[in-house]
Amino acid sequence: MTAASPPEILRAPLVVEFPFTRSLGPVQSAFLTGLREGTVLGVKTSDGKVMVPPVEYDPVTAEEIRELVEVGATGTVTTWAWNDRPRSQQPLDTPFAWVLVRLDGADTDLLHALDAPGPDAVRTGMRVRVRWAAERTGAITDIACFEPYDGPAGGEAVPHDGDFADAVTGIVAEARLDYVYSPGRAQTAYIAALSERRTVGERCPSCHKVYVPPRGACPTCGVATTDRVEVGPAGTVTTYCIVNIKAKNLDIEVPYVYAHIALDGAGLALHGRIGGIPYDQVRMGLRVEPVWTEGGRHPDHYRPTGEPDADYDAYKELI
Amino acid sequence: MARYAREVAVVAFAQSDHLRRTDELSEVEMVMPVLHQVLAATGLKAGEIGFTCSGSSDYLAGRAFSFTMTLDGVGAWPPISESHVEMDGAWALYEAWVKIQTGEADTALVYSYGKSSPGSVRDVLTRQLDPYYVAPLWPDAVALAALQAQALIDAGEADEAALAAVGARSRDAAVANPHAQLRGPVPQGDYQVRPLRTGDCPPIGDGAAAVVLAAGDLARRLCERPAWITGIDHRIEAHSLGLRDLTDSPSTRLAAEHAGVFEAPVDTAELHAPFSSQEVVLRKALGLTDEVSVNPSGGALAANPMMAAGLIRIGEAAARIHRGASRRAVAHATSGPCLQQNLVAVLEGDAR
């Protein structure tokens, strides 16, 4: 047992990217297809209000609403906020105003960006018009932004059948978020020890079980685990399965054996691949040891030590 | 007390110090101390808790099912009755309160936590917006709050000086709060998104909080002066910002009506207003007069750990009742852009 002197806390970039594919209903499809065609559509509620951007259900009555209307591509700013330092994925890369715009003929507001020379050029009540994106695909970004406009106001909303050739029926909502992940004290110690080809766990001060990998807490006692304990290197296969399906991007021949391995001194089993023995000869109780590859940050697999098998009673609590 | 089937009180509250970064702590390492504090305050052991409920967000952690990372801290083996909300812990408290009302539990442990430091929380929060019309534009949390602030200014309900005063008063109050992240005078700073300056915006930080709820006589045994939840309700507004009057918060007002806020005066209000302008909106919605002590803890402008700051408002209000500094308090929690969702609770101490 060693005192838990904290190594330098590990940190690493973690990028989460997800391209959600989303279906559009009839109203959203008409609206986004309309943007592609340079037409702004809204939807009319039963009490005659025009919602832009359109919603599929009346926010007051929850009635389904499908009556499409065309509104102007010009409108009035109802509130705004000056964004001096645009963030990377926002509509403009030069300073701009966020605006809520009430398009001519609409009774609700659309959120978008306004291209203006500076905050002094923006005010609530100012007139603006849509600046269309050069390439349009049927997405809210088909509106590149709004721009100041001093021409005449558009008229009333007029009925529109919402029919367009080749309607857009879905969008792909791309997102990327960047994180710097830190695993915290206990897992940092575990990972740091692996770099020296050692496996460390932590002992619960209450029930004395040794957790590996340690996460800093004993789930039975709900207290912090503190005493660092080196376990292994050898261990016992407590249970296993034979994998017959090759995973994408995984350079391991099937079938192979994936096992739970209770390292000597550990209070629970961790998992790893078993090698160096035909897959159909792996068994519960098999004694194994880790095999490291050059530069590997964790054991590549475990192989038989050649010792006699462990007695079932010696590991049955760890299955 | 006749409003609900059972009397339920907050009997203990604890929170971490709220810090800009906590790289040395995993989620469970951050949460465990506050869990231990509330259990110690009540004398309850982990295994004696009837129901456990937590609030947190995968988008802050950048990983799926991130709440499972903290279950080790609540003694989840042997199996316990447990649940989670992907929201502020105030909503976890609501679920726990319902669980006690149904009679399925007599005590509940509620906790929540957020580590904003691994990611860029301004960008992360854009992922809760309408994915069709809004999220592709990436309007960050400060930008949306700034639109609301400008609407208030246009309506003549605030000006930049009044907003600055809200921030200054909050951080002055936070001097007495050892857990707060920003305490005392803080420069009002440059515009983040005009009209909001740095001083109008909450600090970004990591933190955790925990509360124990108990029913009836058990609450009286566990706590000298329980903070009875005599009313609690939560409401939501239309998702689209363009459908809403940003200068008002009808959902807060409605929740307050259902929670009985207006039936008698309150002496304390803990409001979850991450932006100075939002305090203006909430004061109006709740009809708070100058006699009410608003955010004596410093509020979210002094510490705003995501997913915990709302639960902390309930905890701070309860703690004030525990120590006899308040008789009847209102606590408010919010989630989503521009006060999208709002929870209101009334907490009362026994007369003495």
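This section reports on the structure supplied with the text. Please read all numbers here as calculations on a predicted model, not as lab measurements.

What to know about the packing of helix α3 (residues 89-101) of chain B against helix α10 (residues 309-322) of chain B
All names here are of chain B.
Okay, so step 1: At a minimum axis separation of 6 Å, α3 and α10 run at an interaxial angle of 60 degrees. Looking at the two axes, α3 sits oblique to α10. Contacts between α3 and α10 involve Gly89, Ala90 and Leu93 from the former and Gly310, Leu311 and Ile314 from the latter.
Okay, so step 2: A per-class count over the contact of α3 with α10 returns four nonpolar, two polar and no charged.

Some details on the environment of A:Asp104
All names here are of chain A.
Okay, so step 1: The topology assignment puts Asp104 in the loop between β6 (96-103) and β7 (110-114).
Okay, so step 2: Linking Asp104 and Cys221, residues 117 residues apart in sequence, is a C-alpha distance of 64 Å.
Okay, so step 3: Non-local contacts of Asp104, meaning those with residues more than four positions away in its chain, are made with Val71, Gly72, Thr74, Gly75, Thr76, Arg127, Ala153, Gly154 and Gly155.

Notes on the pairing of strand β12 (residues 199-203) of chain A
All names here are of chain A.
Okay, so step 1: Most of β12 is tucked away, with four of its five residues classed as buried.
Okay, so step 2: Relative to strand β16 (residues 227-231), β12 is paired through five bridges, and the arrangement is antiparallel. Directly across from Gly201, in β16, lies its bridge partner Val229.
Okay, so step 3: Between β12 and strand β13 (residues 210-211), which pair antiparallel one after the other, the connecting turn spans six residues, and His208 there sits at a positive phi close to 70 degrees.

Some thoughts on α3(B)
All names here are of chain B.
Okay, so step 1: Taking 1.5 Å as the rise per residue, α3 with 13 residues should run 18 Å; its terminal C-alpha atoms sit 18 Å apart, in good agreement.
Okay, so step 2: Regarding α3, the residues found buried are Gly89, Ala90, Trp91, Ala92, Leu93, Ala96, Trp97, Ile100 and Gln101.
Okay, so step 3: Where α3 begins, the side chain of Asp88 points an oxygen toward the backbone nitrogen of Ala90, at a separation of 2.8 Å.
Okay, so step 4: Of the residues one or two after α3, Gly103 is the one with positive phi, at around 90 degrees.

Quick look at the layout of surface pockets
All names here are of chain B.
Okay, so step 1: Approximately 950 Å³ is the volume attributed to the largest pocket.
Okay, so step 2: Lining of the largest pocket is provided by 50 residues; of these, Val121, Leu125, Gln128, Ala141 and Met306 occupy positions nearest its centre.
Okay, so step 3: If you list the elements that add at least two residues to the lining of the largest pocket, you get α2 (58-61), α4 (121-124), α5 (141-154) and β11 (328-335).
Okay, so step 4: For the lining of the largest pocket, the element with the most residues is α5, which contributes four residues.
Okay, so step 5: Along the lines of polarity and charge, the residues of the lining of the largest pocket split into 27 nonpolar, 17 polar and six charged.

Concerning the interface of chain A and chain B
Okay, so step 1: Chain A puts 64 residues into the contact, and the matching count from chain B is 51 residues.
Okay, so step 2: Overall, the association of chain A and chain B removes approximately 4800 Å² of surface from exposure, summing both partners, and the carbon and sulfur fraction of that is 58%.
Okay, so step 3: In this assembly, chain A and chain B are joined by four salt bridges.
Okay, so step 4: One can count 24 residue pairs in polar contact (both at pLDDT 80 or more) joining chain A with chain B.
Okay, so step 5: A total of 10 residues in the side of chain A that touches chain B trace back to one element, the largest contributor, which is strand β11 (residues 170-181) of chain A.
Okay, so step 6: Each residue belonging to the side of chain A that touches chain B can be placed in one class, and the counts come to 36 nonpolar, 17 polar and 11 charged.

Structural notes on the sheet that holds strand β10 (residues 293-294) of chain B
All names here are of chain B.
Okay, so step 1: Taken in spatial order, the 10 strands of this open sheet run β3-β2-β4-β7-β1-β8-β12-β11-β9-β10, and their pairing is mixed. Taken across any chain shown, the strands that pair with only one partner, and hence form the sheet edges, are β3 (82-85) and β10.
Okay, so step 2: Relative to strand β7 (residues 206-215), helix α1 (residues 27-42) is tilted by about 30 degrees, and along the sheet it contacts β1 (8-15), β4 (107-115) and β7.
Okay, so step 3: Helix α8 (residues 250-259) contacts β8 (227-236), β11 and β12 (341-348) of the sheet and is inclined by roughly 145 degrees relative to β8.

Concerning the sheet that holds strand β10 (residues 158-159) of chain A
Residue and element names in this part refer to chain A.
Okay, so step 1: With antiparallel pairing, the four strands of this open sheet are ordered in space as β3-β2-β4-β10. Only two strands of the sheet have a single neighbouring strand rather than two, namely β3 (50-51) and β10.
Okay, so step 2: Relative to β3, strand β2 (residues 40-44) runs antiparallel, the two sharing two bridges. Paired with Val43 across the two strands is Met51, which belongs to β3.

Quick notes on the rules
- Residues numbered from 1 in each chain as written.
- Chains lettered and ligands numbered in written order.
- Predicted model: local features only at pLDDT ≥ 70, side-chain atom pairs only at ≥ 80, totals over all residues.
- Heavy atoms only, no water.
- Axes fitted to C-alpha atoms, helices over the stretch in contact; angles between N-to-C directions.
- Helix = DSSP H or I, 4+ residues; strand = E, 2+ residues; numbered from the N terminus.
- Parallel < 35°, antiparallel > 145°, perpendicular 65-115°, else oblique.
- Contact = heavy atoms within 4.5 Å.
- Nonpolar A, V, L, I, M, F, W, Y, C, P; charged D, E, K, R; others polar.
- Buried < 20%, exposed > 50% of the residue type's maximum accessible area, 1.4 Å probe, protein only.
- Pairing = 2+ DSSP bridges.
- Expected span 1.5 Å × (residues − 1).
- Polar contact = N/O pair within 3.5 Å; in protein donor to acceptor, adjacent residues only side chain to side chain.
- 1 Å grid on protein atoms, 1.4 Å probe; cavity = no way out; pocket = protein on both sides within 12 Å on 5 of 7 lines; lining within 4 Å.
- Points joined across faces, edges and corners; volume = space filled by probe spheres on them.
- Buried area = accessible area lost by both parts, 1.4 Å probe.
- Salt bridge = Lys/Arg side-chain N within 4 Å of Asp/Glu carboxyl O.

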